[in-house]
Structure formats: structure tokens, C-alpha cells
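Residue-level structural notes
So the chains spell out like this:
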There are 2 protein chains.
Amino acid sequence: MAQDLKLTKNQSLVFDKLSAAPGPLSAYDLLDQLRDQGLKAPLQIYRALEKLQEIDLVHRLESMNSFVACAQPNCHAKTGLVAFAICEKCGVVSEFSDEVVQTRLAAWADERSFTTTKTSLEIRGLCQGCG
Amino acid sequence: MAQDLKLTKNQSLVFDKLSAAPGPLSAYDLLDQLRDQGLKAPLQIYRALEKLQEIDLVHRLESMNSFVACAQPNCHAKTGLVAFAICEKCGVVSEFSDEVVQTRLAAWADERSFTTTKTSLEIRGLCQGCG
DNA sequence: ATGCCATACGTTATATCATAACACAATCCA
DNA sequence: TGGATTGTGTTATGATATAACGTATGGCAT
């Protein structure tokens, strides 16, 4: 509910749902949960998600086709690297960032004149509680 | 065509196609290309891919729902970390591995008693030729 | 305010990716 | 040789994502 200032109605609905959720949600999970508020079609969700990702309020988890609210808005998205640890049992996602990894990958890219636009780093496994 | 020794017919067909391809292929790309050889249903492809991934001959690119043959079979899959740089223009995928990144992620996990089963690391952008 | 432009919205249809469930065949190996 | 495991073929269905179209809304320069 925080910085909804610039957000449109659909974007706010989607962001608020994601923020309140205990774990990642798929686009269709979101759609199901937002039918009450008048959303009816997948595109309404996907468009909101697209915008939210652009402004780094939401991240997409590539390995599970789902989405999470950013844990620290305006924080480490700027660093260019956001990483996730995903518990395959309880579904909890931990977002983190690591300078060393980031630097290392930047060096790899630089050596090869590779221009990075987006990096996704996802660790799957079992969290402390579930392991 | 290399170590097909243990592979079944479908697995070989899929692996050979992927090995010969200049870039990643989706399951349905593979299906289209293998209809001549008698494959008819998506499941035949997915099952072969599943097995090939288990034995580390094939990797899945999470960020694009497609698959590549492993560049160095029996090599850095063992290290527990395989990374990919994907050119969004020409589609070329570079597979690499990095000890430092791997160590760093292992440390992160260890500190939190997170048991890693699989890590995916994908860098998207433009390769030297396309940048 | 008026007009323009960019962005967002709503809707229908369709494309793309992936698995469930079931029956049968091949292979391993005790 | 027979039981277990793994692979196969097939049909059906589920899940994820985008194309294409027209309308509406909001910022902002004139």
C-alpha cells in the first residue's frame, strides 16, 4: 500500500496482492484473487506485472513462472543483481543480493564485451525449517 | 552422437537435435523437427528432456522455456553451478561456470542452512557481435 | 480550456508451454 | 523366469502468455 502514488488501479491491485502474499503468485493466481475487484482477463494482470517489473517493485521468478513483490524497493535492484533462494517445500522466497557475485559476473561480461540487460539468479532447495 | 550409449531412441533423437542446433530449442521446436522420425506428442519430447537433464547432457534455460545441449558433458555440471549468457538478438547461448560465484552462493546457503538442489543463473543481453 | 500524445484499459481470441492418466513394451537382474 | 523398473504411445487437459483491436484516461504544451 506504500508507494502506490504513481500506480494505476490495476497496478495497485496487483502490487498489493503480491505484497500481502506469503510467497510467490502466478499471474493466474493473481487473476483468481482479483476477480472480486473486477479483473477478468489475464492481460490485465500481465500488463500490470510488466509495468511493476519495469519500476522494480516486482520480480519474476523465472524458474517457477511466478512473481513476488520486491523485498526492498529502490534498493538492490539498482545494483543490477537480485538473487532468490526458493524453498521447494514451503514455498518461501528469500531475496538477496551479493556484491561479489555481481562483480564477478560483470567481469565475465566485460571480458567478452557482453552487454547485460538482465540477470536472473535463482537457488532452489530447502530452507532451514524444511531441510 | 557421442555418448548415446545409455540413451534410448527418443532420448538420442532429442539429444542429437539439440547438439546440432546453433541455439536453444523449445520442446515444441524439437517436436516439430522430430515428427519425421515418428515422434508425435509433446510428452515424448518432455520425457526425453527430463532424462537428459537428469544425466546432465541437457540444460533448461528457465528464462526462455527452452533447452540446450550441455557444452561440456561431465564437466562443470559436477561443480554444481552452470551459468548461461544469452544473446537476445542472435540467440546464441554461452555456457560457463565460475568458481568464485559458486563458492559465494554456497557460503550464502550454508550460513542460512539452506540446502541447495539446483541453481540457475542466466545473464541476458547482447553478445559482442550484436552489441 | 483545447488538442495532442502517450499510456492504460477492456475484450476476444489464440498461441505457447507442460503434465495427468492409462495401457502396453522393453530391459534389468535376482 | 518372473517381478520390478523404466521407457513408450496416446488422448486429453491444464497452465502460462501474447496478438490484435478499439476505447478511455491523464499529462502537458499551446
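First, a word on scope: everything that follows refers to the structure included in this document. Residue numbers run consecutively from 1 along every chain, following the written order of its sequence. Labels follow written order: the first chain is A, the first ligand is 1, and so on. Totals for whole chains, interfaces and linings use every residue, but because this is a predicted model, local features are given only for residues with pLDDT of at least 70 and side-chain atom pairs only at 80 or more, for both listing and counting. Only hydrogens and water are set aside; all other atoms, that is, all heavy atoms of the structure, feed into the side-chain values.

Secondary structure assignment for chain A yields 4 helices and 5 strands. Helix and strand definitions follow DSSP, with helices as H or I runs of at least four residues and strands as E runs of at least two, each counted in order from the N terminus. In chain A, the order of α-helices and β-strands from amino to carboxyl end is α-α-α-β-β-β-β-α-β. When its C-alpha atoms are laid out on the principal axes, chain A stretches across 50 × 35 × 25 Å. Each accessible area is a Shrake-Rupley result for a 1.4 Å probe, and residues are judged covered by the shown protein chains and nothing else. For chain A, the accessible area works out to roughly 6,900 Å², and carbon and sulfur atoms hold 50% of it.

Close to DNA strand C lie 16 residues; Thr8, Gln44 and Arg47 of chain A together with Tyr28 and Arg60 of chain B are nearest. Proximity is defined per residue: if any heavy atom of the residue lies within 4 Å of a molecule or strand, that residue is considered near it. Restricting attention to atoms of DNA strand C within 4 Å of the protein, one finds that 43% of them are sugar or phosphate atoms. A distance of 2.6 Å separates a phosphate oxygen of DNA strand C from a polar side-chain atom of Gln44 of chain A. Under the rule applied, a polar contact is a pair of N or O atoms within 3.5 Å (in protein, one hydrogen donor and one hydrogen acceptor; residues adjacent in sequence only if both atoms are side-chain atoms). Residue Tyr46 of chain B places a side-chain N or O atom 3.0 Å away from a phosphate oxygen belonging to DNA strand C. Among the elements of the structure, helix H1 (9-20) and helix H3 (42-54) of chain A together with helix H3 (42-54) of chain B are those that each provide at least two residues to the surface near DNA strand C. Residue contributions to the surface near DNA strand C peak at 4 residues, all from H3 of chain A. For this classification, the nonpolar set comprises Ala, Val, Leu, Ile, Met, Phe, Trp, Tyr, Cys and Pro, the charged set comprises Asp, Glu, Lys and Arg, and every other residue, Gly included, is treated as polar. Residue composition of the surface near DNA strand C, by class: 5 nonpolar, 6 polar and 5 charged.

What follows concerns a nonpolar patch on the surface. Surface patches are drawn from residues lacking salt bridges whose relative accessible area is over 30%; two like charges belong together within 9 Å, two nonpolar side chains (Val, Leu, Ile, Met, Phe, Trp, Tyr) within 5 Å. Each salt bridge in this description consists of a side-chain nitrogen of Lys or Arg and a carboxyl oxygen of Asp or Glu lying within 4 Å of one another. There is a patch of nonpolar side chains on the surface, built from Tyr28, Leu43 and Tyr46 of chain A and spanning about 310 Å² of accessible area. Along the polypeptide, Tyr28 of chain A turns up in helix H2 (residues 27-33).

What follows concerns the protein's contact with DNA strand D. Around DNA strand D sit 16 residues, and of these Tyr28 and Arg60 of chain A together with Thr8, Gln44 and Arg47 of chain B come closest. Take the atoms of DNA strand D that sit within 4 Å of the protein: sugar and phosphate atoms are 40% of them. Take Gln44 of chain B: an N or O atom from its side chain is 2.6 Å from a phosphate oxygen of DNA strand D. For the surface near DNA strand D, the secondary structure elements donating two or more residues are H3 of chain A together with helix H1 (9-20) and H3 of chain B. At 4 residues, the largest contribution of residues to the surface near DNA strand D is made by H3 of chain B. Tallied by class, residues from the surface near DNA strand D come to 5 nonpolar, 6 polar and 5 charged.

This paragraph deals with the layout of surface pockets. If you add up the space inside the largest pocket, you get close to 500 Å³. Counting only elements with at least two residues in the lining of the largest pocket, the list comes to strand S1 (58-61), helix H4 (99-111) and strand S5 (115-126) of chain B. Residue contributions to the lining of the largest pocket peak at 7 residues, all from S5 of chain B. In terms of residue class, the lining of the largest pocket is built from 10 nonpolar, 9 polar and 4 charged. Grid points spaced at 1 Å and placed over the protein atoms alone form the basis of the search, with a cavity being a set where a 1.4 Å probe fits but cannot get out and a pocket an open set showing protein on both sides within 12 Å along at least five of seven lines. Lining residues have an atom within 4 Å of a point. Grid points are joined across faces, edges and corners, and a volume is the space filled by probe spheres set on the points. Approximately 330 Å³ is the volume found for the second largest pocket. Along its surface, the second largest pocket is lined by 17 residues, and Asp56, His59, Val82, Lys118 and Thr119 of chain A are the ones closest to its centre. Counting residues per element, the ones that place at least two in the lining of the second largest pocket are strand S1 (58-61) and strand S5 (115-126) of chain A.

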